[in-house]
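Single-letter residue listing:
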Amino acid sequence: MDTEQITLFGVPIDLGAENLGVSIGPDAFRHQMIVEKLASVGFEVNDAGNIKVRDHHELTVGDPRLRYLEEVVRVNEEVATKVEAAIKANHRTIVLGGDSSICLGAVSGASVALNGELGLIYFDAHGDMNTDKTTLTGNIHGMQVAALMGFGNPALSQLHGQDIKVRKENLLHIGASNFDKAELEFIEREHIHMFTLFDLLSQGLAAAFAKIDALAARVPNLWVSVDLDVIDRLYAPGAGMPNNKGLSYREIAVLAEYIGQKANVVGLDIVEYSPLQDEQRKTAELGIELITTFLGHNYSWYTGYLEEHRIG
């Protein structure tokens, strides 16, 4: 794969969640010059614009256990089609959210393009492994990981084709600290590979690296999904749900560097960015750094942030 070619597009959706502001995340990343900054480290970027998403006032909630299902599925089907086409064209792919429901379409498209030979590294403070039978909120942004493994409502689990998009042994969930009871039961029953915040603090980064190595050895291609709420609010105040006990800058940066060096990352989505809550744009800058690092390049938001604000 030509690692220097990137297709980037935005999905300004907040229907899968209830986090105001995340729908303007893609354009906020552009305002922070994401395309130019990716180009500065050697990528040739095709910005394919945004997928059109209907607003809440144009829609009805529908089934309260699958809120806005029809529109979420329509949008994710378009996401999947775009990602599939980009990867088949040998472009790495970046999908900017929007809420984390877009991971469903992004990973589905990548999986179909790669004939199912895909692993998923999922960074999130939450499990996102509910179904319509176990959800406490009806918000679809808490169901996409289960759906990608073939669980839950068929409209989600069979999006962009009936095959399972990620075999459960090829998922690695990193950084979580907040699970629903039903998710914990699911994780134990299905033997899901996890590396929680507690694991990181008790076992250290070397143990996380071992899990990443094992996944990269099982599958030739990886997709990375980053919900910014996995990062401590000190560094990511602009997460849709700011987290008081998330990963530190050092931890997420080193994990991204390791993955970028050791794995073939075909694409990623970065989600739940709410510029309305950001402070001096530092969450957006961190997001751009993580994208470049996961893709094997170096770009330090922290140095630029210090210089811009004349700190230190």
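Everything here concerns the structure above.
Caption draft 1: Seen up close, the packing of helix α10 (residues 249-262) against helix α11 (residues 282-294). Close contact between α10 and α11 brings their axes to 7 Å; oriented N to C, the two are set at 25°. On the basis of their axis angle, the class for α10 and α11 is roughly parallel. Only Leu 286, Glu 289, Leu 290, Thr 293 and Phe 294 of α11 make contact with α10, whose side of the interface consists of Tyr 249, Ile 252, Ala 253, Ala 256, Glu 257, Ile 259 and Gly 260. For the contact of α10 with α11, a count of residues per class yields 8 nonpolar, 2 polar and 2 charged.

Caption draft 2: Structural view of the packing of helix α9 (residues 205-218) against α10. Close contact between α9 and α10 brings their axes to 11 Å; oriented N to C, the two are set at 30°. The angle between α9 and α10 places the two elements in the roughly parallel class. For the element pair α9 and α10, the recorded crossing hand is right-handed. Taken together, the residues of α10 that come into contact with α9 (itself represented by Leu 205, Ala 208, Phe 209, Ile 212, Asp 213 and Ala 216) are Glu 251, Val 254, Leu 255, Tyr 258, Ile 259 and Lys 262. Looking at the contact of α9 with α10, its residues break down into 9 nonpolar, no polar and 3 charged.

Caption draft 3: Region of the structure containing α10. Along its 14 residues, α10 runs 20 Å from first to last C-alpha, staying within 8% of the 20 Å computed at 1.5 Å per residue. Taken together, the buried positions of α10 are Tyr 249, Glu 251, Ile 252, Ala 253, Leu 255, Ala 256, Tyr 258, Ile 259 and Gly 260.

Caption draft 4: Structural view of the pattern of salt bridges. Overall, the coordinates contain 12 salt bridges when judged by the stated rule. Across the pair Glu 78 and Arg 74 runs a salt bridge whose closest N-O atoms are separated by 3.7 Å. With a gap of 4 residues between them, Glu 78 and Arg 74 both fall in helix α3 (residues 69-88), about one helical turn apart. By relative accessible area, which is 29% here, Glu 78 ends up partly exposed. Judged by its relative accessible area of 36%, Arg 74 falls in the partly exposed class. Between Glu 190 and Arg 189 there is a salt bridge whose closest N-O contact spans 3.4 Å. Residue classification places Glu 190 among the buried residues on the basis of a relative accessible area of 12%.

Caption draft 5: The arrangement of the nonpolar core in detail. Ile 94, Ile 121, Phe 123, Val 224, Ile 259, Ile 291 and Phe 294 are the most contacted members of the largest nonpolar core, which totals 51 residues. In terms of residue count, α10 provides more of this core than any other element does, 7 residues in total. Apart from residues no more than four positions distant in its own chain, Ile 94 is found in contact with Ile 6, Thr 7, Leu 8, Phe 9, Leu 38, Leu 268, Ile 291 and Leu 295. Ala 80, Val 107, Leu 118 and Ala 176 belong to the second-largest nonpolar core, a separate cluster that totals 48 residues.

Caption draft 6: Representation of the packing of aromatic side chains in the model. By the definition in use, this model includes 5 aromatic pairs. Ring centres of Phe 29 and Tyr 273 lie 5.0 Å apart, and the angle between their planes is 45°; this geometry places the pair in the tilted category. Of this pair, Phe 29 sits in helix α1 (residues 25-31) while Tyr 273 sits in the loop between β8 (265-271) and α11, placing them 244 residues apart in sequence. For the pair Phe 29 and Tyr 273, one class covers both residues: buried. Relative to Phe 186, the ring of Phe 151 lies with its centre 4.9 Å away and its plane at 90°, an arrangement referred to as edge-to-face. Residue Phe 151 is found in the loop between α5 (144-148) and α6 (154-157), and its partner Phe 186 is found in helix α7 (residues 181-190); the two are separated by 35 residues along the sequence.

Caption draft 7: Up close: the sheet that holds strand β5 (residues 171-174). Within the open sheet, the 8 strands sit side by side as β2-β1-β3-β8-β7-β4-β5-β6. Their pairing is parallel. This sheet does not close on itself; its edge strands, each paired only once, are β2 (44-50) and β6 (193-195). Averaged over all adjacent pairs, the angle separating strand axes in this sheet is 15°, with direction ignored. Of the pairings in the sheet, the one linking strand β7 (residues 222-227) to β8 comprises 6 bridges and is parallel in character. Following the sheet pairing, Leu 222 is matched in β8 by Val 265.

Caption draft 8: Inspection of the side chain of Asp 199 at higher detail. Of note, Asp 199 is situated in helix α8 (residues 197-203). A distance of 2.9 Å separates a polar atom in the side chain of Asp 199 from the backbone nitrogen of Thr 196. The contacts of Asp 199, once residues within four sequence positions are left out, are Met 194 and Gly 204.

Cut-offs used in this document
Residues numbered from 1 in each chain as written. Predicted model: local features only at pLDDT ≥ 70, side-chain atom pairs only at ≥ 80, totals over all residues. Heavy atoms only, no water. Axes fitted to C-alpha atoms, helices over the stretch in contact; angles between N-to-C directions. Helix = DSSP H or I, 4+ residues; strand = E, 2+ residues; numbered from the N terminus. Parallel < 35°, antiparallel > 145°, perpendicular 65-115°, else oblique. Contact = heavy atoms within 4.5 Å. Nonpolar A, V, L, I, M, F, W, Y, C, P; charged D, E, K, R; others polar. Left-handed = near helix turned anticlockwise from the far one by under 90°. Expected span 1.5 Å × (residues − 1). Buried < 20%, exposed > 50% of the residue type's maximum accessible area, 1.4 Å probe, protein only. Salt bridge = Lys/Arg side-chain N within 4 Å of Asp/Glu carboxyl O. Core = buried A, V, L, I, M, F, W, Y, C linked by side-chain atoms within 4.5 Å. Phe/Tyr/Trp six-rings, centres within 6.5 Å; stacked < 30°, edge-to-face > 60°. Pairing = 2+ DSSP bridges. Polar contact = N/O pair within 3.5 Å; in protein donor to acceptor, adjacent residues only side chain to side chain.

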